[in-house]
Amino acid sequence: MTNTKPTATCRLKQDYMRLKRDPVPYITAEPLPSNILEWHYVIKGPEDSPYYGGYYHGTLLFTKEFPFKPPSIYMTTPNGRFKTNKRLCLSISDFHPDTWNPAWSVATILTGLLSFMLETTPTMGSCETTTYEKRRYAQHSLAFNMKNEVFQELFPEICEEITERLQQLEEQRKQQSATANGESATNASNGEVPGSTNDVAETPDGGLFVPGRPGADDSNIWQSLCTNLVVLGGFVVFACIVHYVIKSINI
């Protein structure tokens, strides 16, 4: 009996078994249970990249002609490198069927996507952002992905990681808030008020801004000026006395 299953289905099942047997670093992928031609992937940001700490969800849409035709590649999670829900123009996507190699597997496609994500080469579907912005996207990716029902259904283990991470961040936030409130209470008991030199804020360029205290600085200036005048006057009086004593001795 001959095998009448479409080539794409057979090939994608083989690729799935290979991925389970030999996982790709930083990447997890699952096809939809109802449609093996639609795959969802998650890229976990590598440690030495601005994407560290982020989880990036996207899709691969295969045609029935796979592996003889490449898939469409989309990114769903905001990331600062690729536009979301836009076909990505890569040598491994359907934008370049002329460079496609039928020997490439799902693992090859996702490895190439991660490699291109870590570069800065512009292409159709890419965007330019700063390292700071990419790190902000990495932080926001946690809560963003948890709102996606398909993401939760296909990647329960990753959802557990994200939930644990969100809990840790919330605990850190509460500790920082408690520490800040404790410092404020201590400053108040010491007679310090908001606007003192202990109150600082971060500026857009990452520096620190220290709010001033109107009136306090002016009073300090006048106090210093008066002190200097008193000292100067004392010195003049002392000089006059010395001069009078020397003059009296000479007489």
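The rules behind each value
Residues numbered from 1 in each chain as written. Predicted model: local features only at pLDDT ≥ 70, side-chain atom pairs only at ≥ 80, totals over all residues. Heavy atoms only, no water. Helix = DSSP H or I, 4+ residues; strand = E, 2+ residues; numbered from the N terminus. Buried < 20%, exposed > 50% of the residue type's maximum accessible area, 1.4 Å probe, protein only. Contact = heavy atoms within 4.5 Å. Areas by Shrake-Rupley, 256 points an atom, 1.4 Å probe, with all protein chains shown as cover. Expected span 1.5 Å × (residues − 1). Bend = angle between axes of the 7 residues up to and from the residue. Pairing = 2+ DSSP bridges. Axes fitted to C-alpha atoms, helices over the stretch in contact; angles between N-to-C directions.

A few words now on the overall build of the protein chain. Regarding its fold elements, the protein chain presents 6 helices and 6 strands. In the protein chain, buried positions account for 29% of the 251 residues. Across the protein chain, every contact between residues at least 6 apart in sequence was considered, and the portion connecting residues at least 24 apart equals 50%. Accessible area of the protein chain: about 16500 Å², with a carbon and sulfur share of 57%.

Between its first and last C-alpha, helix α3 (residues 131-146) extends 24 Å over 16 residues, near the 22 Å set by a 1.5 Å rise per residue. At histidine 140, α3 shows its largest kink, close to 40°. Looking at α3, one finds that the buried residues are Lys134, Ala138, Ser141, Leu142 and Asn145.

Backbone-to-backbone hydrogen bonds join strands into a sheet, with any given pair of strands oriented parallel or antiparallel. Taken in spatial order, the 4 strands line up as β1-β2-β3-β4 in an open sheet, and their pairing is antiparallel. The open sheet is flanked by β1 (27-32) and β4 (72-75), the only strands paired with a single partner. Strand-to-strand twist in this sheet, taken as the mean axis angle between neighbours without regard to direction, amounts to 25°. In this structure, β1 lies alongside strand β2 (residues 35-44), joined through 6 bridges in antiparallel fashion. Residue pairing for β2: isoleucine 27 is matched across the bridge by isoleucine 43. In this fold helix α1 (residues 7-21) packs onto β1 and β2, with an angle of close to 30° to the strand it touches most, β2.

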